Amino acid sequence: MKWDKSEKMFHRAQERIPGGVNSPVRAFGAVGRHPFFVERAQGAWLYDVDGNRYLDYVCSWGPGILGHAHPRVVEAVQKVCARGLTFGAPTAGEVELAELINICVPDVEMVRLVSSGTEAVMSAVRVARGYTGREKIIKFAGNYHGHSDGLLVKAGSGLMTQSVPDSAGVPAGYAASTLTAVYNDIESVGALLEENHGQVAAIVVEPVAANMGVVPPKKGFLEDLRRITKEQGVLLIFDEVITGFRLALGGASQYTGVHADLYTFGKIVGGGMPLAAYGGSRDIMSCVSPLGKVYQAGTLSGNPAAVTAGIETLKILMEDTGIYERIDARAKRLAEAFQSIGLTVNRAGSLLCAFFTQDSGERAGSVENYEDACRCDKEAFAGYFNRMLEQGIYVAPSQFEAMFVSDAHADDLIEMTCETIAASVLTNNRQEP
């Protein structure tokens, strides 16, 4: 493959955009190459400006559960765009999407639409503080909740990729109110709650961690979180920006059987458009202005084009109940392919991650938390990534991101991928980009 046009575009981008990209992991720095620039996408495929085609397992980092440019979604968006792109006033679509979210996740009796996952989690945390009258929150090392100041503490995702534990520009006061526990370790949570008795407003968690690679909750972990938060009057926030409507139509609460107080959604809920949401019980959400004193606003919140994409995507998922069985089975087949050549694989539904773990220490071959994920061989991963890309298969350019399976990944494409996985991982001679 050749990337001449992408190479020129990247140099051009670096003149006007920090690092040449608008989100750090897109720079491909962790895999030792420059990024390709996408021209279009259809179904399971991406096409770059050089004419290369890639089987896409990034799926725009999660939204593409139906595949790219699903005809029904595109047609619906085109129709609504012809009537105007933004009004800054209520539309019927906002009401319909809120009702659909409630049908899928009954715990979400009231919901507020925003434009990004960062906004959704930031707002949910503000609601928790306003509702409880407390200031501190607990998060988990390796869980990523967007780039708001108070949550960039031992975050996952691109921060792990770049080996940056925190962000410059975040006042110490913000970080001081964020306490960090160990994912899958309920004792670490209990210790923090005891040390800060009566001061913690909420615990925010990815119910299935997907930003330090995929790390599912150990048996009983979420149940214990639910128990301990109820006992101490602490709100439990499920950050479902990734897992919402992907693990199941009802998200993590349906998948795990554990119910939170507040939920945040992104990616799939907007059907690939910039839209996110946060919500919970009527009692808690009544704190939000104009009903209550917790202020949150946004000019483009509930944007009609994004709302329409979300409505159509959720309707398709509700109508075709077989989608989740299909993508789960296909992800399972990919996981088996990785396992057959000795890699550690974590999977939850259609989310999976193959870890290039170091063969040392008593926890070798197991990834259950942030510390385990950090033991991975990033150089080995980079070699695998580049060999896969040369074969026309695009996986996330970071050891610490998920692999996403969509309904457009037909069985024959899965089998082709399995064959390529074996060749790409077992090849010793890394192809330089």
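Reference entry: report on the structure contained in this document. Given the structure is predicted, the values throughout are model-derived calculations rather than measurements. (Residues numbered from 1 in each chain as written. Predicted model: local features only at pLDDT ≥ 70, side-chain atom pairs only at ≥ 80, totals over all residues. Heavy atoms only, no water.)

Some points on the pattern of salt bridges
Thought 1: For the structure shown, the criterion picks out 15 salt bridges.
Thought 2: Of the charged contacts, one joins Asp 261 and Arg 226 as a salt bridge, the two residues approaching to 2.8 Å between their closest N and O atoms. In this pair, Asp 261 is assigned in the loop between helix H9 (251-256) and strand E9 (262-265) and Arg 226 in helix H8 (residues 221-232), connecting sequence segments 35 residues apart.
Thought 3: Residue Arg 226 is classed as buried on the basis of its relative accessible area of 11%.
Thought 4: Here Asp 407 ties to Arg 330 by a salt bridge, and the two come within 3.7 Å at their closest N and O atoms. Of the two residues, Asp 407 sits in the loop between strand E14 (403-404) and helix H15 (411-426) while Arg 330 sits in helix H12 (residues 323-339), which places them 77 residues apart along the sequence. (Salt bridge = Lys/Arg side-chain N within 4 Å of Asp/Glu carboxyl O. Helix = DSSP H or I, 4+ residues; strand = E, 2+ residues; numbered from the N terminus. Buried < 20%, exposed > 50% of the residue type's maximum accessible area, 1.4 Å probe, protein only.)

Considerations on the pairing of strand E12 (residues 351-355)
Thought 1: Most of E12 sits out of view: five of its five residues are buried.
Thought 2: In E12, alternate side chains face the same way, and those of Leu 351, Cys 353 and Phe 355 on one face and Leu 352 and Ala 354 on the other are all buried.
Thought 3: When strand E11 (residues 344-348) meets E12, the two strands line up antiparallel, connected through five bridges. Its bridge partner lying in E12, Asn 346 is registered against Cys 353.
Thought 4: Once E11 ends, the chain turns through two residues before running back antiparallel as E12, passing Gly 349 with a positive phi of about 60 degrees. (Pairing = 2+ DSSP bridges.)

Quick word on the packing of aromatic side chains
Thought 1: Enumeration according to the criterion identifies 15 aromatic pairs in this entry.
Thought 2: Note on Phe 140 and Phe 221: the rings are 5.6 Å apart at their centroids and 75 degrees apart in plane angle, and the pair reads as edge-to-face. Taken together, the residues Phe 140 in strand E5 (residues 136-140) and Phe 221 in helix H8 connect sequence positions 81 residues apart. Considered together, Phe 140 and Phe 221 belong to a single accessibility category, that of buried residues.
Thought 3: A ring pair is formed by Tyr 183 and Phe 221, whose centres lie 5.3 Å apart and whose planes are at 65 degrees; its orientation type is edge-to-face. (Phe/Tyr/Trp six-rings, centres within 6.5 Å; stacked < 30°, edge-to-face > 60°.)

Regarding the packing of helix H7 (residues 186-195) against H8
Thought 1: As a packed pair, H7 and H8 sit with axes 10 Å apart at the nearest point and diverge in direction by 15 degrees. One way to sum up the angle between H7 and H8 is to call them roughly parallel. Note that H7 runs across H8; the crossing there is right-handed. For the pair H7 and H8, contact is made by Ile 186, Val 189, Gly 190 and Leu 193 and by Phe 221, Asp 224, Leu 225, Ile 228 and Gln 232, respectively.
Thought 2: Looking at side-chain class alone, the contact of H7 with H8 contains six nonpolar, two polar and one charged residues. (Axes fitted to C-alpha atoms, helices over the stretch in contact; angles between N-to-C directions. Parallel < 35°, antiparallel > 145°, perpendicular 65-115°, else oblique. Left-handed = near helix turned anticlockwise from the far one by under 90°. Contact = heavy atoms within 4.5 Å. Nonpolar A, V, L, I, M, F, W, Y, C, P; charged D, E, K, R; others polar.)

Function cannot be inferred from these measures alone, as they are strictly geometric.
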